[in-house]
Amino acid sequence: MEIGIDKIGFYTPSYYVDMAELAEARGVEPGKFLQGLGQSKMAVPPISQDPVTMACNAAQDILTDEDKMAIDYVIVGTESGIDQSKAAAIYVHDLLDINPYARCIEMKEACYGATAGLQSAVNHVARHPESKALVIASDIARYGLESSGESTQGAGAVALLITTNPRIAQINDDAVYYTGDIMDFWRPNYSDTAKVDGHYSTVKYLDYLDKVWQAFKEKNQLALEDLQAVCFHLPYTKMGLKALRQLLPEATDDQAESLQAHFENSRYYNRYVGNIYTGSLYLSLLSLLDQDSQLQAGDRIGLYSYGSGAVAEFYSLTLMPGYQDHLAKADHEAMLANRNRLSVADYETMFSQTLNVDGSKQELAAEADVAFQLVGLDQHKRLYSRRQ
Ligand code: HMG
């Protein structure tokens, strides 16, 4: 039975800061952000977008009424959750009008959460082939103004509909995963910004890639030449380039060139959005599928998922015949093109806005052209609106 990705949706907030301007404001060479990190723009969420609204905004365009009736498992992968108890997936389930006879949970392990969600969804659909599962990765990456990680922030969500007979890609049963208790990046409950040992985190990312890549090849008796492209978790796109370069000594010259060309397509959207934590790998996959005209049905794509703390996984998917007909490239490009550019001062103001924590009523401004947004708070309860 083939199980995999039937549809993919994407959302990123309608504001961004230009990385060259941010570099200038921070007194660093623009080349450091543009080439050194491989980032051109960074998405900035207004206070009215949170992991719930971004998840809904990513999923709404891909779901038909029939999908909503068939979905009986909703998983939101996030590490920027809004509640320590209630799952973001419950709000999403309600706002999207999904079948009430559904399981709804939140999945957390830093940037790895959505991959755990996706594999859990595949197992669920394998056991209940008539059902569909909705997995949404939704995150706001926050390190703080003028912090060491500031240039690697971002915000957005990617929604994946997991079904039998998927129209985009089959998820192969070949995953290899690895866990180790390390302090490379974490966020204590009392902090709304991440703590990070930046350079150590990049070393561990590559170290864990080696562990799961070697084990993946051995377990599945596969080699790099069996993969037409590889997508990586992209906290910033240069990180993926380093990961690719770590694999390339195993490639022939021709294959190395081809893998590099595919990689450029796989980092295109991420370069303009920034880190969306657990959605970054899936944004990279979407970028590859939308932007790459050389791929074809039957091609096998490797995926490297890394979540600090840390859990890593390497698995693959295989493209389905006609997968190109089920993508919304023009919509994704329009979403990125139609965003509002913020000055660094306006970005700082937006970044510093806060929600009331004393239970008093707060009303937020309406956002133009967005289906789901947070409209306020009352007695510690979030109030959402849905524009049809
Ligand atoms: P930094 O100290 O600001 O930058 O830290 P740097 O000095 O390392 O420079 C970055 C690159 O720019 C270097 O290239 C420089 O040479 C180059 P590299 O040597 O790495 O190839 N550079 C220039 N290039 C061109 N022109 C110039 C120029 N100047 C310098 N003029 C760091 C960078 C990424 C560490 C920092 O931004 C940070 O801490 N970010 C957050 C942590 C992070 O993203 N870690 C990635 C791995 S862990 C992970 O992916 C998990 C994560 O997503 C969280 C989760 O799981 O939830 C983060």
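Residues numbered from 1 in each chain as written. Predicted model: local features only at pLDDT ≥ 70, side-chain atom pairs only at ≥ 80, totals over all residues.

Stated precisely, the cut-off is as follows: UniProt positions are given in the numbering used here, feature names are shortened, and annotations may be inferred rather than shown by experiment.
Per an unreviewed UniProt entry, the chain carries the name Hydroxymethylglutaryl-CoA synthase and comes from Aerococcus kribbianus. According to the UniProt record, the Sequence similarities (unreviewed entry) comment for the chain reads "Belongs to the thiolase-like superfamily. HMG-CoA synthase family."

1. Side note on unusual backbone geometry
For the record, the criterion: A run of DSSP states H or I qualifies as a helix once it reaches four residues; a run of E qualifies as a strand once it reaches two. Both are numbered from the N-terminal end. Residues with at least 20 other C-beta atoms within 10 Å of their own are called buried, those with 12 or fewer are called exposed, and the rest are partly exposed. The C-beta atoms themselves are positioned from the backbone.
A cis geometry characterises the amide bond from Gly309 onward to Ala310, with omega recorded as 10°. Summarising the element assignment, Ala310 is placed in the loop between strand S13 (300-307) and strand S14 (311-319). The phi torsion at His380 lies on the positive side, around 70°, for a residue other than glycine. On the basis of neighbour count, His380 is assigned to the exposed category, with 12 C-beta atoms found within 10 Å.

2. Examining the UniProt feature "binding site: (3S)-3-hydroxy-3-methylglutaryl-CoA" (unreviewed entry) in the chain
Cut-off, in case you're wondering: Any residue pair is listed as a contact if its two C-beta atoms, each placed from the backbone, are within 7 Å.
The sites that UniProt annotates as "binding site: (3S)-3-hydroxy-3-methylglutaryl-CoA" (unreviewed entry) are Tyr143, Lys242 and Asn275. In this structure, Tyr143 is in contact with Gly149, Glu150, Thr152, Gln153, Thr193, Ala194 and Val196, ignoring residues within four places of it in sequence. Residue placement: Asn275 occurs in the loop between helix H10 (268-273) and helix H11 (280-291). Apart from residues no more than four positions distant in its own chain, Asn275 is found in contact with Ala141, Thr152, Gln153, Gly154, Pro235, Tyr236 and Ser280.

3. Quick word on the packing of helix H8 (residues 237-247) against helix H9 (residues 253-266)
Using the following cut-off: Fitting a line to C-alpha atoms yields each axis, with helices limited to the stretch in contact; the angle taken between N-to-C directions then spans 0 to 180 degrees. To sort the angles, those under 35 degrees are grouped as roughly parallel, those over 145 as roughly antiparallel, those from 65 to 115 as roughly perpendicular, and the leftovers as oblique. Should the near helix be turned anticlockwise from the far one by less than a right angle, the crossing is left-handed, and should it be turned clockwise, the crossing is right-handed. When residues are grouped by polarity, Ala, Val, Leu, Ile, Met, Phe, Trp, Tyr, Cys and Pro land in nonpolar, Asp, Glu, Lys and Arg in charged, and all others, Gly among them, in polar.
Viewed as axis vectors pointing N to C, H8 and H9 meet at an angle of 160°, and their least axial separation amounts to 11 Å. Regarding the angle of H8 to H9, the classification is roughly antiparallel. The interaxial crossing formed by H8 with H9 has right-handed handedness. For the pair formed by H8 and H9, the contact residues are Gly240, Leu241 and Leu244 on the first element and Leu259, Gln260 and Phe263 on the second. Taken together, the residues that form the contact of H8 with H9 break down as four nonpolar, two polar and no charged.

4. Details of the site of the ligand
Spelled out, the test is: In this analysis a residue is considered near a molecule or strand if the C-beta atom, reconstructed from its backbone, is found within 6 Å of that molecule or strand.
Around the ligand, 31 residues are found, and the nearest of them are Gly31, Gly36, Ala110, Cys111 and Gly198. Every element with two or more residues in the shell around the ligand is listed here: helix H2 (30-36), helix H7 (198-220), H8 and S13. The leading source of residues in the shell around the ligand is H7, at five residues. The residue inventory of the shell around the ligand, partitioned by class, reads 11 nonpolar, 15 polar and five charged.

5. Notes on helix H6 (residues 113-127)
Formally: Any helix carries an expected span of 1.5 Å times its number of residues minus one.
The terminal C-alpha atoms of H6 lie 22 Å apart, and with 15 residues this matches the ideal 21 Å at 1.5 Å per residue to within 8%. For H6, the complete set of buried residues consists of Gly113, Ala114, Thr115, Ala116, Gly117, Leu118, Ala121, Val122 and Val125.

6. Topic: the environment of Tyr306
In this structure, Tyr306 sits in strand S13. Between the alpha carbons of Tyr306 and Tyr277 there is a distance of 9.5 Å; along the sequence they are 29 residues apart.

7. Observations concerning the domain arrangement of the chain
Selection criterion: Each domain span listed reflects an automatic or database assignment of domains.
Assigned domains of the chain: these are domain 1 (3-168 + 327-386) and domain 2 (171-324). Centre-to-centre separation of domain 1 and domain 2, based on C-alpha positions: 20 Å. Residue-level contacts link 50 residues of domain 1 with 43 residues of domain 2. Elements supplying a minimum of two residues to the side of domain 1 that touches domain 2: strand S1 (3-11), strand S3 (41-43), H6, strand S6 (132-141), strand S7 (154-164) and helix H12 (329-337).

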